[in-house]
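As a plain string of letters, each chain reads:
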Amino acid sequence: MNDDPERGQMTEDEKRLRDRLRKGIRPGRPSHDAFWRAMNEVEERGRGHSSRLGFTAGLTAGAVLAVILLGTFLFAVRPHLLPAHTGPAGTPHSAAPMVTPTPSPSPTASGIVHPPSTSVPVAPLARCHTSGLSITLGKTGAAAGNDYTTFDLQNVSGQACETEGFPGMAMMAADGSQLPTNVLWQNGALASPGPTLVVLPAGGVAHFNIHWTDVPSGDETSCPTATTLLVTPPNETTQLRVAVNMAPCGNGTIDASPVRQGADPTGDPNS
Amino acid sequence: MHPFLWWMTSEAVMGTDLIARAQTGDIAAFERLVEPLYEKAFQLAAAMLDDRAQAEDAVQEALILAWRKLDRFRYGEDIRPWLMTLVANQCRETRRRRWWSVRKVADPPEQAHESESDRVVADADLHSALQTLSERDRLILILRYFFDLPYEEVAQIARVSPDAARKASARALARLRDRLREEEA
């Protein structure tokens with residue numbers, strides 16, 4: 001303890017408390033088979049991980065095989081059915097987009113780029129573009145220096161679309177100047193579970209949550225207040241505007257969740 | 001040396017090779033990756049929940065989540081704070097569910113979820129005082145003063161800045177002191 005400079009500043013009273021915490025908390029050891037019971041559960045209930053890779057690989061292989069068989073059949077048996085632009089291998093172009101392209105991650109103000117999630121073969125839908133989305137401020141909450149807010153994104157394009165990933169954000173002050181914004185896509189509670197494909201029918205709603213702390217850190221004595229938030233939907237380059245009243249500290253640090261399907265089911269922005 | 005310090009400074013847990021193998025679906029690699037972390041994960045959950053049985057359940061759920069999310073784990077990062085964050089989040093969920101289950105009962109018995117044999121905080125006054133702290137304050141106090149973690153890692157697990165963790169820790173300690181004085185008075 002004494003070799004820790006931060007601890008060196010502890011008062012005797014604090015040291016007594018610390019010692020009491022150490023003596024009072026007796027977590028003991030887990031039961032002898034707890035780890036293996038847990039791993040059995042992981043194997044039973046966590047199949048989403050390992051089988052997802054196999055599922056995707058299997059479907060991809062199946063799709064490729066189907067294309068080859070179909071092309072061979074059309075070329076050998078009914079060549080007149082092939083479109084004029086069919087390539088030399090006889091693979092119809094129309095059969096190519098069997099798998100949704102893996103979405104490219106969108107960069108944030110912090111420059112962190114997150115790996116895209118495993119793509120799932122589905123009928124291709126148009127990506128949700130900024131122009132086809134509206135944004136509204138949802139519920140807000142605060143506790144002990146932590147603030148949370150939910151935003152709803154609605155598909156107003158009139159057509160179904162899909163999106164996947166994290167939103168980008170930039171804060172603006174009341175005078176229109178841009179404020180430092182540091183969006184983090186962490187592995188914390190907001191980022192769990194990670195991004196999944198969100199399909200929005202016409203009029204459908206998705207949401208994302210953000211968290212920030214209003215306790216000044218470092219040399220900060222106060223944190224600038226933003227009245228407008230510019231939100232870049234995943235994989236888009238233009239922004240939606242939404243009125244806010246937030247003053248994130250830590251040079252404008254905001255934790256963000258990925259965009260999730262539906263309105264926030266809990267109604268709790270801290271979820 | 002404090003056991004957690006030893007754990008913190010011990011050889012990197014097989015490192016990135018196991019992570020890479022586990023990310024391809026190798027559950028044996030995942031087991032080897034998380035087994036050395038299990039006991040401390042359990043101790044964190046036990047201290048947070050003050051209940052050993054619930055702690056085992058919470059760590060189990062955190063491990064299932066870790067396995068499902070492992071393909072999103074950022075290569076090169078330390079898996080320990082990542083797993084501890086999942087455990088802390090799961091403890092929060094457990095407490096939330098516990099609160100709801102108590103609410104659903106018309107006339108719930110006092111502390112019905114606990115039995116003395118399951119209780120982790122043996123000091124009765126300390127037990128009561130810790131229960132009055134917020135989830136985050138309790139987590140920060142436990143990570144800092146029980147597990148002896150540096151503020152940087154406390155901050156990472158509690159998802160606040162290191163400075164915020166320092167300030168929250170000082171505030172929580174002061175609150176705990178006040179509560180204990182009240183209890184003892």
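Definitions and limits used
Residues numbered from 1 in each chain as written. Chains lettered and ligands numbered in written order. Predicted model: local features only at pLDDT ≥ 70, side-chain atom pairs only at ≥ 80, totals over all residues. Heavy atoms only, no water. Axes fitted to C-alpha atoms, helices over the stretch in contact; angles between N-to-C directions. Helix = DSSP H or I, 4+ residues; strand = E, 2+ residues; numbered from the N terminus. Parallel < 35°, antiparallel > 145°, perpendicular 65-115°, else oblique. Contact = heavy atoms within 4.5 Å. Nonpolar A, V, L, I, M, F, W, Y, C, P; charged D, E, K, R; others polar. Pairing = 2+ DSSP bridges. Left-handed = near helix turned anticlockwise from the far one by under 90°.

(A) Molecular detail of the packing of helix α8 (residues 151-158) of chain B against helix α9 (residues 162-184) of chain B. All names here are of chain B. Remark: α8 packs on α9, axes separated minimally by 8 Å, with the N-to-C direction vectors making an angle of 95°. When the interaxial angle is binned, α8 and α9 end up roughly perpendicular. Touching Y151, E152, V154 and A155 of α8 are P162, A165, R166 and S169, all from α9. Each residue belonging to the contact of α8 with α9 can be placed in one class, and the counts come to 5 nonpolar, 1 polar and 2 charged.

(B) Expanded view of the sheet that holds strand β11 (residues 240-246) of chain A. Residues and elements named next belong to chain A. With antiparallel pairing, the 4 strands of this open sheet are ordered in space as β6-β5-β10-β11. Each of the sheet's edge strands pairs with one partner strand only, and the pair in question is β6 (178-179) and β11. Looking at chain direction, strand β10 (residues 226-232) and β11 are connected through 5 bridges and run antiparallel. Residue pairing in the sheet places A226 in a bridge with M246 of β11.

(C) Geometry of the packing of helix α3 (residues 27-49) of chain B against helix α7 (residues 135-146) of chain B. Residue and element names in this part refer to chain B. Two elements in contact, α3 and α7, have axes separated by 10 Å at closest approach and are oriented at 135°. Looking at the two axes, α3 sits oblique to α7. Two packed elements cross with a definite hand, and for α3 against α7 that hand is right-handed. Facing L44, A47 and M48 of α3, the residues of α7 in contact are E135, R138, L139, I142 and L143. Among the residues making up the contact of α3 with α7, the classes are represented as 6 nonpolar, no polar and 2 charged.

(D) Spotlight on the pairing of strand β12 (residues 253-256) of chain A. Residues and elements named next belong to chain A. In the sheet, strand β7 (residues 182-184) pairs with β12 via 3 bridges, with the strands oriented parallel. By the bridge assignment, N182 is partnered in β12 with T253. Bridge count for strand β9 (residues 205-213) against β12 is 2 bridges, and the pairing is antiparallel. The residue of β12 that forms the bridge with H211 is D255.

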